[in-house]
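# Per-entry structural report
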Amino acid sequence: MTVPYRIVLASNSPRRKELLAGLDLDFQVRVLKDVDESYPADLPTEQIAEYISHKKAEAYRETIAEDELVITADTVVILGSQVLGKPHDADDACRMLRQLSGKTHQVITGVTMTTRLRQESFSVRTDVTFKQLSEDEIAYYVEHFQPFDKAGAYGIQEWIGYIGVTGLNGSYFNVMGLPVQRIYEGLKRF
């Protein structure tokens with residue numbers, strides 16, 4: 001696939017870089033500091049990721065060259081009506097994993113693709129089910145993998161995903177942080 005734009009991934013996430021590289025496209029990474037990721041308290045949980053990805057895109061709007069397409073993304077983990085963000089420390093990570101243990105939760109990634117003249121946003125939802133995790137499993141994962149940069153305090157591609165995920169309905173890559181199949185389809189439209 002050829003795209004008539006230079007693709008810019010607006011993310012420092014190594015997982016997002018790896019996933020976008022899997023589409024065999026040339027891209028560069030550009031990250032602005034201190035992009036506001038807040039959202040209105042009354043925003044429905046299923047709209048948060050897309051809202052933030054759009055907000056990130058707007059922060060880049062002035063920096064986009066005419067031949068560039070910028071991809072911004074945000075991933076949230078939702079358990080019931082609660083949004084689980086990135087844990088503050090090991091205790092917070094353990095608390096989140098205890099909450100997810102034995103339950104099904106949703107991972108939603110919002111993506112915005114922006115050029116100077118066009119913008120398209122979408123979100124992808126995946127249901128993830130964890131087995132009942134033991135305290136030892138939770139402690140081992142947090143100590144050895146330190147998932148402090150991950151929404152919901154876990155990476156499905158890491159040890160906890162290998163031993164803990166018993167069900168998945170939707171895109172595995174979405175849970176990793178970038179729904180590459182939908183991005184591919186979106187790039188074809190551009």
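Scroll up to find the structure this text is about.
My aim in this report is to walk through the structure given alongside it, one point at a time. This is a predicted model, so every value here is computed, not measured.

Applying the stated criterion to the full structure yields 18 salt bridges. Between R6 and E68 there is a salt bridge, with the nearest N and O atoms lying 3.2 Å from each other. With R6 in strand β1 (residues 6-9) and E68 in strand β3 (residues 68-79), this pair connects stretches of sequence that are 62 residues apart. Residue classification places R6 among the partly exposed positions, given a relative accessible area of 39%.

With that out of the way, let us pick up the pairing of β3. Across the 12 residues that make up β3, a large majority, 12, are buried. The alternating pattern of β3 places E68, V70, T72, D74, V76 and I78 and L69, I71, A73, T75, V77 and L79 on opposite faces, both of which are buried. Pairing of β1 with β3 involves four bridges; the strand directions are parallel. Paired with R6 across the two strands is E68, which belongs to β3. As paired elements, β3 and strand β5 (residues 104-114) share nine bridges and run antiparallel to each other. In the strand pairing of β5, A73 is matched with V111. In the sheet, β3 pairs with strand β4 (residues 82-84) via three bridges, with the strands oriented antiparallel. Each residue of the ladder has a partner; that of L79, found in β4, is Q82. What sits between β3 and β4 in their antiparallel hairpin is a turn of two residues, with G80 showing a positive phi close to 65°.

Calculation criteria
Residues numbered from 1 in each chain as written. Predicted model: local features only at pLDDT ≥ 70, side-chain atom pairs only at ≥ 80, totals over all residues. Heavy atoms only, no water. Salt bridge = Lys/Arg side-chain N within 4 Å of Asp/Glu carboxyl O. Helix = DSSP H or I, 4+ residues; strand = E, 2+ residues; numbered from the N terminus. Buried < 20%, exposed > 50% of the residue type's maximum accessible area, 1.4 Å probe, protein only. Pairing = 2+ DSSP bridges.

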